[in-house]
Amino acid sequence: MKKYTFTEKKDTRSGFGAGLSELGKTNPNVVALCADLTGSLKMDAFQKDHPERFFQIGIAEANMMGIAAGLTIGGKIPFTGTFANFSTGRVYDQIRQSIAYSGKNVKICASHAGLTLGEDGATHQILEDIGLMKMLPHMVVINPCDYNQTKAATIAIAAYDGPVYLRFGRPTIPNFTSADQKFEIGKAVMLNEGTDVTIIATGHLVWKAIEAGEALAAKGISAEIINIHTIKPLDTDAILKSILKTKCVVTAEEHQMNGGLGDSVAQFLSRNHPTPQEFVAVNDSFGESGTPDELMKKYGLDSVDIVKAVEKVISRKK
Amino acid sequence: MANIEALKKLSTQVRRDIVRMVHAVSSGHPGGSLGCVEYFVALYKVVMKHDPKAFTMDGKNDDLFFLSNGHISPVFYSVLARCGYFPVEELKTFRKLNSRLQGHPTTHEGLPGVRIASGSLGQGMSVAIGAALAKKLNKDNSIVYTLHGDGELQEGQIWEAAMYAAAYKVDNIICTVDYNGRQIDGDVENVLSLGNLKAKFEAFGWTVIENPKGNDLESVISHLEKAKTFVGKGKPIMILMNTEMGMGIDYMMGTHKWHGSAPNDDQLAKALLQIEETEKDY
C-alpha cells in the first residue's frame, strides 16, 4: 500500500474559494453568484477583489440559476455558489430548463454536501444531489476529494464549455493530493495499485478508502484504490482495466446508494463485465444532527465499513 | 417608422400562420398567440435593434428578447420566420418529429432567434436579468425585452426576479405582461387573483406603464417607445399590456377555451375567412 501523508487538514470548500479567486485574476469572463452564503462558500476573496463581477442574489436560488443562465448569453462564465441542497433539489427545474436543456455554460458549485454538513441535520444534508444532476443529459458531475483537488477542479471547469455540477463539503479533511496536480475532467486517478479488490471512491470517501487500504494491507489484502472525481462522464476504461485484474469492486461515496457513483459503476459493469460489487453509501435513509465523524460512523461510511465491504465482496468472487 | 398599414397586413398573416400551425398538428396554444401578435410585430419590426441574418447567441450590441411564457410559441415562430430568422416554409414543421420548431421554444435544436428554452413558467425574467447584467459588464447599451403571461405571475420565481431587478437597478430591461386575464383553468381573477398588479410592481420598485390597448399596433409601438425613454434611469421597466386572448377570430375571443386547444377543419375554415392572406401562406 502506497503511503499517503498530509501536513494539514483543510476543507474542500476553501479549495473552491481559492480556485475561484485564482480564476478571478486569470479569466475576466468568470463571474460569481451567491445566495447569501458567501462566507460559507469561501467566495469572499472573489467578492472583495472583483466586486463588479460578483452578484449577491439574496436567498433566491431559483432566480440565481436563471440569472446565471442569462449571464452566459453575454459570454460570461458564471459560477453559482450555495449549499448542495439549494443548488440542486430546490432548483431542479430551473437547472433542467434554463441551464441543461438550454446548453448554458454555468458552473453550479455546491458546498456542504452530504452527512458531513453535520449538526444542521437532514434538512440540509442532501444525499441525492449526484443522482439528480447525473440524470440531466450532458451535465458533468464532479466530486473532488480534498482541498487541492477541489481547487484544481474549480480552475479546470472554467475551461470546459458546458454545464457542470461541482460538489464539495464543509469539514476539514486531510489534504493529500499534490498542489500542482493536473485536473482532467472524466479521468480517474489511480491512488494505489492492487490485485485483490478495486475500491472506487469519490469525495470525502477517498481518504476513508486510503485508510481502509492500509488496514487491508495489514491483513494481507491488496486493494487497488481509484479516485473517481468525475462521476459523469465516468472513466469506464480505468474501471474496466482494474476490474479485469481484481475481479471485484467496492464503491464508496457520501450519497444515497440509489442514484450515486455506485449505481453508475454497476450500470456500466452489468452491461459490459458483470462483477461482484458492494456499496458503501447511505441506504435509503435521511441523515440527522451530529458531528461529521459520528454521522459517518452511524450511517456506515467509515473506513471500517469499506474494509467490511471488501471482505464481503472478495468472498463473493467465484 | 415602418408603414403601419404594411405592419397591420403582416399581423393578419401572422394570425393565419398561428391558426394553420396549431390546426396542422391538432395541438398548441392559439389563444395567447393571437393576443400577442401586435406586440411581436411591433417589437421585431419597429422597436428592437436586431439583425435576423446575423443571429448569434451572445447578441452583442443587439437588443435581446426572451419569451418567458413559451407556450405562445406559434406567434414567436411566425414573426421570427417572417422577419427572416429562418425560412417561412419551416413553420409547417411546428411540433413535428425532427423539427427545430419544438412545442415550446428551445435552443436545443439550434433555431435562430431563440436564446433560452422556456415553457416551464416563471424563469424568463431571471434569465433576462442575467443577460442584462452581462450587457452592463460588456458596456453594451442595448436593451433586453421579455414577455410574460399574467397567469405566469403566480410563479414565485417572478417575484424573486422582480425584487432583484429593482434592488440592483437593472434598468436595461423592459418586461411586458400579456394581461389578458385568462389562464388554462379560467379567468385569472378566479383561479388566483393577481390583485393590484400595477401597485405590486411599483411597490417592488419598478417603473410601470399601462397599455390598455395591447391589440392596437400603434399603441403597442408607442408604449414600447415610451418604455425605452426610462432605460438607464435606475429602475426596471414593466408594461402591463391588456390584450384579448384569441384576438382576430370571433369564436376564440371572450373565453379561455382556446388557450391550449387547436381548431378542427371546420373551425379552421371559419377562422381563415376572418383573416386575409396578406403575405403568402407557408
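Along every chain, residues carry numbers that run from 1 in the direction the sequence is written. Labels follow written order: the first chain is A, the first ligand is 1, and so on. In keeping with the model being predicted, local features are shown solely for residues with a pLDDT of at least 70 and side-chain atom pairs are shown and tallied solely at 80 or more, while totals for entire chains, interfaces and linings include all residues.

What follows deals with the interface of chain B and chain A. At the interface, 27 residues of chain B touch 24 residues of chain A. For the side of chain B that touches chain A, the secondary structure elements donating two or more residues are helix 5 (124–137) and helix 6 (156–167) of chain B. Segments assigned H or I by DSSP are reported as helices when at least four residues long, segments assigned E as strands when at least two residues long, and all are numbered from the N terminus. At 10 residues, the largest contribution of residues to the side of chain B that touches chain A is made by helix 5 of chain B. Any residue that is not Ala, Val, Leu, Ile, Met, Phe, Trp, Tyr, Cys, Pro, Asp, Glu, Lys or Arg is counted as polar, Gly included; the first ten are nonpolar and the last four charged. Split by residue class, the side of chain B that touches chain A holds 12 nonpolar, 11 polar and 4 charged. Here contacts are defined at the residue level, using C-beta atoms placed from the backbone and a cut-off of 7 Å between them.

All names here are of chain A. Pairing is mixed in the open sheet, where 5 strands are placed in the order 9-11-10-13-14. Edge positions in the sheet fall to strand 9 (189–192) and strand 14 (277–282), since each has one partner strand and no second. Averaged over neighbouring strand pairs, the angle between their axes works out to 25 degrees when direction is ignored. Each axis is a line fitted through C-alpha atoms, taken for helices only over the stretch in contact, and angles between the N-to-C directions span 0 to 180 degrees. Along the sheet face, helix 11 (residues 261–272) touches strand 10 (197–201), strand 13 (249–256) and strand 14 and points at about 140 degrees away from the line of strand 13. Note on pairing: two strands pair once DSSP finds at least 2 bridges between them.

All names here are of chain B. In the contact formed by helix 1 (residues 4–25) and helix 3 (residues 37–47), the axes pass within 10 Å of each other and the chain directions differ by 125 degrees. One element, helix 1, and the other, helix 3, form an angle in the oblique class. Remark: the crossing between helix 1 and helix 3 carries right-handed chirality. Where helix 1 abuts helix 3, its residues L7, L10, S11, V14 and R15 lie against V37, E38, V41 and K45. For the contact of helix 1 with helix 3, the class distribution of residues is 5 nonpolar, 1 polar and 3 charged. Angles below 35 degrees are treated as roughly parallel, those above 145 as roughly antiparallel, those between 65 and 115 as roughly perpendicular, and all remaining angles as oblique. Handedness of a helix crossing follows the sense of rotation of the near helix relative to the far helix, less than a right angle counterclockwise being left-handed and clockwise being right-handed.

Size of an interface, as often reported, equals the accessible area lost when the parts are brought together. All names here are of chain A. Structurally, chain A comprises domain 1 (9–174) and domain 2 (189–316). What marks off one domain from the next here is an automatic or database domain assignment. Computed over C-alpha atoms, the centres of domain 1 and domain 2 are 25 Å apart. The interface is formed by 27 residues belonging to domain 1 together with 30 residues belonging to domain 2. At the level of secondary structure, the elements contributing two or more residues to the side of domain 1 that touches domain 2 comprise helix 7 (129–134), strand 6 (140–142), helix 8 (147–158) and strand 8 (172–174). Partitioning the side of domain 1 that touches domain 2 into residue classes produces 14 nonpolar, 9 polar and 4 charged.

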